[in-house]
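# A structural walkthrough
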Amino acid sequence: MRAIEITRPGPPEVLEWREVPDPCPDRGEVLIEVTAAGLNRADLLQRQGFYDPPPGAPSYPGMEASGVVIEVGEDVERFTPGDEVCALLAGGGYAERVAVPWQQVMPAPEGVTLVEAAGLPEVACTVWSNVFMTGRLRRSETLLVHGGASGIGTFAIQLAKAFGSRVVTTAGSAAKLDRLKELGADEVINYREEDFAERVTADVILDIMGAKYLSRNIRTLRTGGRLVIIGLQGGAKAELDLGALLAKRAAVHATTLRSRPVDEKGVIVRGVVDNVWPLVSAGAVRPVVYAEVPMAQAAEAHRMLDSGEHIGKILLVR
Ligand SMILES: NC(=O)c1ccc[n+]([C@@H]2O[C@H](COP(=O)([O-])OP(=O)(O)OC[C@H]3O[C@@H](n4cnc5c(N)ncnc54)[C@H](OP(=O)(O)O)[C@@H]3O)[C@@H](O)[C@H]2O)c1
């Protein structure tokens, strides 16, 4: 089969569409003929040599894909050839076929195309696990979403609104903020013009900036608040004022999805299928697709993601 290989660490041009060995499903794995794959910010780091895939994962990038099951290994539950699915991957989505543990596979939700479904596993699993499982967001509470225009942000805004919470979000341009209001955000803040900590308080914060926002995020938390850090776009090291934290009886969490064991991913995936897919099928939460790019032109898609102008997801299609 063909896949996008990272020929050496570097700029988008290092991505090449090449012949690679066909994957073969191991015990417990499902083989998917890929229809489309989603891009994620972490793919840019992997391309640059800063984020290796976990041991055992394919070396080529791609943390999510959609397609049709063409083969199942021994001991696979729930899936059979012909099923239309999408999956959370440890790697290897930028390819014609991918093998993945069945626990990480989801039926493609009704009401979206199989191409659109490629952009759902990462955002749905990340938002469900961090905002709802770890952050325990409740209906009466306020969620602050940093980077609302990101793939993750556009999904977090919609899902929290669908569950009845109030949502505040940050982004860096008026055009992005307008789109985030359309997606349901109650309040939007241009972080280039205003300090969010001067304007809002929140019960749960979904943060992608890390060090740069740590003290302001803690200032923004209400008593009993939960800060969940999933990205380090503003650095990894900062001073933590434990006094401020204990006065508010607040918590700081930091998590990553990719390196979790298969069983843990399976629990998250089941939570998504049970709790999130019905909202997607009902149209309450929609995929936000910025662009569909032919898979062989992955370099072009990486340039697009790098530019930061997108709102939502960029997809690679076969
Ligand atoms: N831990 C995990 O398991 C996990 C899983 C998935 C994703 N993530 C992380 O989640 C983040 C989003 O991922 P993605 O793939 O959805 O990324 P993406 O679509 O590339 O979006 C990145 C966003 O960051 C925003 N941004 C940059 N500087 C900002 C600032 N100072 N304040 C607020 N927003 C800012 C950019 O928009 P503006 O133009 O508005 O600046 C852009 O929308 C990444 O950091 C990624 O690593 C973590």
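Residues numbered from 1 in each chain as written. Predicted model: local features only at pLDDT ≥ 70, side-chain atom pairs only at ≥ 80, totals over all residues. Heavy atoms only, no water.

Labelled according to an unreviewed UniProt entry, the protein appears under the name NAD(P)H-quinone oxidoreductase, originating from Nonomuraea guangzhouensis.

Near the ligand, the surroundings consist of 27 residues, among which Arg 41, Gly 172, Lys 176, Tyr 191 and Gln 233 are the closest. In this structure, Tyr 191 approaches the ligand through a side-chain N or O atom, which is 2.3 Å from an oxygen atom. Separating an oxygen atom of the ligand from a side-chain N or O atom of His 310 is a distance of 2.8 Å. Within the complex, 89% of the 920 Å² of free accessible area of the ligand lies under protein. Secondary-structure elements contributing two or more residues to the shell around the ligand are helix 3 (121-134), helix 4 (151-162) and strand 9 (166-171). Residue composition of the shell around the ligand, by class: ten nonpolar, 13 polar and four charged. Two domains each provide a minimum of three residues to the shell around the ligand, namely domain 1 (2-120 + 258-317) and domain 2 (124-254). (Near = heavy atom within 4 Å. Polar contact = N/O pair within 3.5 Å; in protein donor to acceptor, adjacent residues only side chain to side chain. Areas by Shrake-Rupley, 256 points an atom, 1.4 Å probe, with all protein chains shown as cover. Helix = DSSP H or I, 4+ residues; strand = E, 2+ residues; numbered from the N terminus. Nonpolar A, V, L, I, M, F, W, Y, C, P; charged D, E, K, R; others polar. Domains from an automatic or database assignment.)

Here the second largest pocket is characterised by a volume of approximately 350 Å³. In this structure, the second largest pocket is lined by 23 residues; those nearest its centre are Glu 29, Gly 56, Ala 57, Ala 90 and Pro 101. Contributing elements (two or more residues each) for the lining of the second largest pocket: strand 6 (97-101) and helix 9 (262-275). In terms of residue count, strand 6 provides more of the lining of the second largest pocket than any other element does, four residues in total. Split into classes, the residues belonging to the lining of the second largest pocket amount to 14 nonpolar, four polar and five charged. (1 Å grid on protein atoms, 1.4 Å probe; cavity = no way out; pocket = protein on both sides within 12 Å on 5 of 7 lines; lining within 4 Å. Points joined across faces, edges and corners; volume = space filled by probe spheres on them.)

Quoted interface sizes are often the accessible area lost when the parts come together. Its domain assignment divides the protein into domain 1 (2-120 + 258-317) and domain 2 (124-254). On a C-alpha basis, the centroid separation for the pair domain 1 and domain 2 is 26 Å. Contacts between the two partners involve 23 residues from domain 1 and, on the opposite side, 18 residues from domain 2. Linking domain 1 to domain 2 there are zero salt bridges. Where domain 1 meets domain 2, there are four residue pairs in polar contact (both at pLDDT 80 or more). Among the elements that make up the side of domain 1 that touches domain 2, the one with the highest residue count is helix 9 (six residues). Split into classes, the residues belonging to the side of domain 1 that touches domain 2 amount to 14 nonpolar, five polar and four charged. (Contact = heavy atoms within 4.5 Å. Salt bridge = Lys/Arg side-chain N within 4 Å of Asp/Glu carboxyl O.)

With that settled, consider the pattern of salt bridges. In this structure the tally under the stated criterion is 24 salt bridges. A salt bridge links Arg 2 to Glu 96; the shortest N-O distance between them is 2.8 Å. With Arg 2 in strand 1 (residues 2-6) and Glu 96 in the loop between strand 5 (84-88) and strand 6, the pair connects residues that are 94 residues apart, well separated along the chain. With a relative accessible area of 35%, Arg 2 lands in the partly exposed category. Exposure remark for Glu 96: the relative accessible area of 9% places this residue in the buried category. Arg 222 is the partner of Asp 203 in a salt bridge, and the nearest nitrogen-oxygen pair spans 2.8 Å. (Buried < 20%, exposed > 50% of the residue type's maximum accessible area, 1.4 Å probe, protein only.)

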